[in-house]
Amino acid sequence: MCGNGGRCIVSFAHFLGIFEKQTTFNAIDGKHDAVVNDDGTISLQMIDVNKVDDNRDYCFTNTGSPHHVQLVADLDNYPVVEEGRKLRHEVYGDDGANINFVQPISHGTYKVRTYERGVEDETYSCGTGVTAVALAMHATSHTTNTNVSLVTPGGELSVRFVNQDNGYTDIWLSGPAQQVFKGNINI
Ligand SMILES: N[C@H](CCC[C@H](N)C(=O)O)C(=O)O
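What you see is a predicted model, and the numbers here were worked out from it, not measured in a lab.

J.: How do you make sense of the site of the ligand when you look at a structure like this?
T.: Residues in contact with the ligand, as listed here, are Met1, Cys2, Gly3, Asn4, Ser65, Asn98, Glu116, Arg117, Cys126, Gly127 and Thr128. The separation between an oxygen atom of the ligand and a polar main-chain atom of Gly127 is 2.6 Å. Within the backbone of Thr128, a nitrogen or oxygen atom sits 2.7 Å from an oxygen atom of the ligand. Counting residues per element, the ones that place at least two in the shell around the ligand are α1 (3–15) and α3 (127–139). Looking at the shell around the ligand residue by residue, the classes come out as 3 nonpolar, 6 polar and 2 charged.

Quick look at the structure:
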């Protein structure tokens, strides 16, 4: 599942006039509701998450895709590609995982850089990744906020959620989706 890809699909379907305000689409992890907000940002409902594994040095959770979440100091200068590539294999074996490195900016605001499985490199922004970061920061009591801001190299996202005894529900990933290219194919 791709959270940012999902938001882009919704934005594109809206641009094509397929729906007005709300829609639903099916992804590999199930159904997703989505909303085009009045300011043009896109909110996407993510699957419920009932487990955030806390391994003290890092967390692991699945928000539609598998994510490792680890706090580091001096994120701007952190070797995301080298360390991400190592952890992706050494901790998670053949299946691997996406690796998110995190630094707090303030209570409820986090800077995130992600090494993405499949891409095998750092990407500008990972939607399921920042969702995992928001839940992991809450699950480990780094924040009590249930609306968390995430700053990635590609821009700013937010994740809000409801915390219940058995995990997290009503999880919404929000942020901008901008059309940057338009073309035609003659067939
Ligand atoms: N970039 C995507 C997640 C891709 C996850 C994929 N790399 C995987 O290993 O499942 C996002 O914005 O949510």
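J.: What is the right way to look at the state of the cysteines in this model?
T.: Formally, a disulfide is one covalent bond, and it connects the sulfur atom of one cysteine to the sulfur atom of another. One pass over the structure, following the stated rule, counts 0 disulfides. This cysteine, Cys2, is not joined by any disulfide, and Cys126 carries the nearest cysteine sulfur, 6.6 Å off. By relative accessible area, which is 6% here, Cys126 ends up buried.

J.: Where do I start with a nonpolar patch on the surface in this structure?
T.: A cluster of nonpolar residues, Phe12, Phe15, Leu16 and Ile18, forms a patch on the protein surface that exposes about 440 Å² of accessible area. Tracing the backbone shows Ile18 in the loop between α1 and β1 (22–27).

J.: I tried to follow the pairing of strand β10 (residues 147–152) on my own but got confused; where do I start?
T.: Taken residue by residue, a regular strand's side chains alternate between the two faces of the sheet. Along β10, the buried face is formed by Val148, Leu150 and Thr152; none of Asn147, Ser149 and Val151, which line the opposite face, is buried. The hairpin formed by β10 and strand β11 (residues 155–164) contains 2 residues between the paired strands.

J.: Could you clarify how one ought to interpret the environment of Val49 in this entry?
T.: Along the chain, Val49 falls in the loop between β3 (42–46) and β4 (52–54). Once the C-alpha coordinates of Val49 and Tyr168 are considered, the two residues, 119 residues apart in sequence, prove to be 5.2 Å apart. Setting aside chain neighbours within four positions, we find Val49 in contact with Thr61, Asn62, Thr63, Leu135, Gly167, Tyr168 and Ile171.

Rules used in this analysis
- Starting afresh in each chain, residues are numbered from 1 along the sequence in its written order.
- The predicted origin of the model limits local features to residues at a pLDDT of at least 70 and limits the giving and counting of side-chain atom pairs to 80 or more, whereas totals for whole chains, interfaces and linings rest on all residues.
- Heavy atoms from the whole structure form the basis of all side-chain values; hydrogens and water molecules are not counted.
- The near set for a molecule or strand comprises every residue that places at least one heavy atom within 4 Å of it.
- Polar contacts, as used here, are pairs of N or O atoms within 3.5 Å; protein pairs need one atom able to donate a hydrogen and one able to accept it. Residues neighboring in sequence count only if both atoms are side-chain atoms.
- Helical segments are the DSSP runs of H or I of at least four residues, strand segments are the runs of E of at least two, and each set is numbered from the N terminus.
- All residues other than Ala, Val, Leu, Ile, Met, Phe, Trp, Tyr, Cys, Pro, Asp, Glu, Lys and Arg, Gly among them, are scored as polar; the first ten of these are nonpolar and the last four charged.
- Any cysteine sulfur atom paired with another within 2.5 Å is treated as part of a disulfide.
- Relative accessibility under 20% of the residue-type maximum defines a buried residue, over 50% an exposed one, and the middle range a partly exposed one, all with a 1.4 Å probe and only protein chains included.
- Residues enter a patch when their relative accessible area is above 30% and they make no salt bridge; the linking distance is 9 Å between like charges and 5 Å between nonpolar side chains (Val, Leu, Ile, Met, Phe, Trp, Tyr).
- Only the protein chains shown count as cover for residues, and all accessible areas are computed by the Shrake-Rupley method using a 1.4 Å probe.
- Salt bridge, as used here: a side-chain nitrogen of Lys or Arg that lies within 4 Å of a carboxyl oxygen of Asp or Glu.
- Strands pair, by our definition, only if DSSP identifies at least two bridges between them.
- Residue contacts follow a heavy-atom distance rule, with two residues in contact if any of their heavy atoms lie within 4.5 Å.

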